[in-house]
Amino acid sequence: MGNDKIIEVDHVSFKYDAEWIVQDVDLSIEKGQFLGLVGPNGSGKSTLIKLMLGLVKPDQGNIRLFGRELRYFDQWQEVGFVSQKANSFNSGFPATVLEVVKTGLVSRIGAFRFFNRKHKEKALEALRIVEMDDYADSSIGELSGGQQQRVFIARALVSDPALLILDEPTVGVDAKHVADFYDLLARLNREQGISLLMVTHDIGTITEHATHVACMNKSVHFHGASEEYKGFDEGNLNQLYGHSVQQLTHNHEHGVNHS
Ligand SMILES: Nc1ncnc2c1ncn2[C@@H]1O[C@H](COP(=O)(O)OP(=O)(O)OP(=O)(O)O)[C@@H](O)[C@H]1O
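Residues numbered from 1 in each chain as written. Predicted model: local features only at pLDDT ≥ 70, side-chain atom pairs only at ≥ 80, totals over all residues.

Engineer: What is the right way to read the overall build of the protein from this model?
Structural biologist: When helices and strands are tallied, the protein shows ten helices and ten strands. Expressed as a percentage of its 259 residues, the buried residues of the protein come to 36%. Long-range contacts, defined as pairs at least 24 residues apart, comprise 69% of the intrachain contacts of the protein with a sequence gap of at least 6. (Helix = DSSP H or I, 4+ residues; strand = E, 2+ residues; numbered from the N terminus. Buried ≥ 20, exposed ≤ 12 C-beta atoms within 10 Å, placed from the backbone. Contact = placed C-beta atoms within 7 Å.)

So this is what it looks like as C-alpha cells:
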C-alpha cells in the first residue's frame, strides 16, 4: 500500500443548515495506533466519525481511507464500527449471540448469500477473541450491557478489519467491567495489530490506554501522543479547548506527569 496512514482527514469542514459542526479538521491515524477522540458534548465527534465512514459528506476538505479518497473507497470489510447505541437490545430480542456476530459477515459475502459452516467458524473465532464464545447460543437480549458490547465488537471483527472505530463503547458497560473492556481493546491493538479509533468523554481513562489522543471542539485543539497530553496542566487544557476541562474528566486528576 506504501502508505502507513489508515485515515487522513484533510482540512474537513461540515455544517448542518447554517451551523458549522466540524471546522477545518486535520487528523490522521497511522497503522498500529490507538487514537482516543475526546471533546465536550456536541463538539462534533460523532459527526467526524460519520464523515470518515462516508455517511455524511464534507462541505470542505478531503478524507482518505487506506490511502484512497473516500468516494473511491470500497474495502469496507477493512473497517469495523461499533456505535454508541449498539448495546440496546431488550431481553425479548429473538436472536442468538452467534447470529448477531454472523451478520458482520454481510459486507464480505453479500447480503443474500447463505451462511455456511466456514462462516460459523469465523464467527466463533471472533467470539473467542472477545471471550464470549461460551455464550454463542444465548439470546443477545439476556446479556449485560458489557457482554453485549463485546458481542458487537466480535461482529465488527468477523470480517478481519484493519481498523476498528468505536463511538463511546463504554456507555452502558458497568464501571467494574470498564477496565476489562480496555484490556480487550489493548489486546486487539497489540496482539491482533488492529488500529483503533475510539470516541469517549472520559479523557482520564483514555489517556491511560490509547497511544494517541485528539481533543476536538468543532476543530482539533490537540493531537499527539497520550504521554504529551498528560504533561499538560489544567490551565493549558482549558486554553486548548476554550472550555472547562472539568466537564471532560469525570473526576480524574490532570496534574503534570512526573514519570
Ligand atoms: N442530523 C442532525 N441535524 C442537525 N444537527 C445535528 C444533527 N446531528 C448532530 N447535530 C448537531 O451537531 C452537533 C455535534 O453533534 P455530534 O453528535 O457530532 O457531537 P458529539 O461530540 O458526538 O456529542 P456527544 O458527545 O454528546 O455525543 C450538535 O450540536 C448536534 O446537535
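Engineer: Would you explain the sheet that holds strand S1 (residues 5-16) in this entry?
Structural biologist: Working definition: the strands of a sheet are paired by backbone hydrogen bonds and lie parallel or antiparallel to each other. A sheet is described by the order of its strands in space; here four strands give the open sequence S2-S1-S4-S5, paired in antiparallel fashion. Of all the strands in the sheet, the pair left with one neighbour each is strand S2 (19-30) and strand S5 (68-69). (Pairing = 2+ DSSP bridges.)

Engineer: Please clarify how the site of the ligand should be interpreted in this entry.
Structural biologist: Around the ligand, the neighbouring residues are Tyr-16, Ile-21, Gly-39, Asn-41, Gly-42, Ser-43, Gly-44, Lys-45, Ser-46 and Thr-47. Tallying contributions element by element places helix H1 (residues 45-52) first for the shell around the ligand, with three residues. Here the residues of the shell around the ligand sort into two nonpolar, seven polar and one charged. (Near = placed C-beta within 6 Å. Nonpolar A, V, L, I, M, F, W, Y, C, P; charged D, E, K, R; others polar.)

Engineer: Can you walk me through the environment of Met-216 in this structure?
Structural biologist: Here Met-216 is to be found in strand S9 (residues 212-217). With residues up to four places along the chain from it excluded, the contact list for Met-216 reads Val-25, Leu-37, Gly-39, Ser-43, Gly-44, Lys-45, Leu-48 and His-221.

Engineer: What's the story with the confidence of the model for the protein in this structure? I'm lost.
Structural biologist: Low pLDDT marks regions whose predicted coordinates should not be analysed in detail. Confidence along the protein averages 84 in pLDDT terms, with 82% of residues attaining 70 or more. Per-element confidence in the protein is highest for strand S4 (residues 60-65), whose mean pLDDT is 97, and lowest for helix H10 (residues 246-249), whose mean pLDDT is 50. Across residues 249-259 the pLDDT falls below 50, and counting only partners more than four positions away or on other chains, this stretch makes 15 contacts in the model. (pLDDT = per-residue confidence, 0-100.)

Engineer: Help me understand helix H4 (residues 117-129), please; the structure alone is not making it clear to me.
Structural biologist: Residue pairs spaced three or four apart in an α-helix point in one direction, given the helix's 3.6 residues per turn. Across its 13 residues, H4 extends 19 Å between first and last C-alpha, which sits within 8% of the 18 Å expected from 1.5 Å per residue. Looking only at H4, the buried set comprises Lys-122, Ala-123, Ala-126 and Leu-127. Angularly, the buried residues of H4 cover 140 degrees about the axis, an arc narrow enough to put them on a single face. Counted as exposed and oriented over 90 degrees from the buried face of H4: Arg-117, Lys-118 and Glu-121. (Expected span 1.5 Å × (residues − 1). Arc of directions from axis to C-beta.)

Engineer: Hey, could you run me through the sheet that holds strand S8 (residues 195-200) in this one?
Structural biologist: Read from one edge of the open sheet, six strands run S6-S7-S8-S3-S9-S10, paired in mixed fashion. Sheet topology places strand S6 (79-82) and strand S10 (219-225) at the edges, where each strand pairs with a single neighbour. Ignoring strand direction, the axes of neighbouring strands in this sheet form an average angle of 15 degrees. Note: strand S3 (residues 34-38) against S9, four bridges, orientation parallel. The residue of S9 that forms the bridge with Gly-36 is Val-213. Running at roughly 160 degrees to S6, helix H5 (residues 145-157) makes contact with S6 and strand S7 (163-167) of the sheet. (Axes fitted to C-alpha atoms, helices over the stretch in contact; angles between N-to-C directions.)

Engineer: What is the right way to look at the pairing of S2 in this model?
Structural biologist: Successive side chains on a regular strand alternate, one facing one side of the sheet and the next facing the other. In terms of strand pairing, S1 meets S2 through eight bridges, oriented antiparallel. Bridged to Tyr-16 within S2 is Glu-19. Between S1 and S2, which pair antiparallel one after the other, the connecting turn spans two residues, and Asp-17 there sits at a positive phi close to 50 degrees.

Engineer: How should the pairing of S1 be read in this particular structure?
Structural biologist: Where S1 lies against S4, five bridges are found, and the strand directions are antiparallel. Opposite Asp-10, over in S4, you have Asn-62 as the bridge partner.

Engineer: Can you walk me through the nonpolar core in this structure?
Structural biologist: Formed by 60 residues in total, the largest nonpolar core has its most connected members in Val-101, Ala-154 and Leu-196. Broken down by element, the residue count for this core peaks at six residues, all from H5. Setting aside residues up to four positions removed in sequence, Leu-196 forms contacts with Phe-34, Leu-35, Leu-164, Leu-185, Leu-188 and Asn-189. (Core = buried A, V, L, I, M, F, W, Y, C linked by C-beta atoms within 7 Å.)

Engineer: Looking at this structure, how should I read unusual backbone geometry?
Structural biologist: For residues besides glycine, phi is generally negative; the peptide bonds are generally trans as well. Within the chain, Glu-131 stands out as a residue other than glycine whose phi angle is a positive 55 degrees. In this fold, Glu-131 is placed in the loop between H4 and H5. Of the residues examined, Glu-131 has 15 C-beta atoms within 10 Å and is grouped as partly exposed.

Engineer: Just checking my understanding: could you explain the environment of Ile-165 for this structure?
Structural biologist: Here Ile-165 is to be found in strand S7. Residues Ile-165 and Met-52, spaced 113 residues apart in sequence, show a C-alpha to C-alpha distance of 9.8 Å. Residues within four places of Ile-165 in sequence aside, it is in contact with Ile-49, Val-79, Phe-81 and Leu-197.

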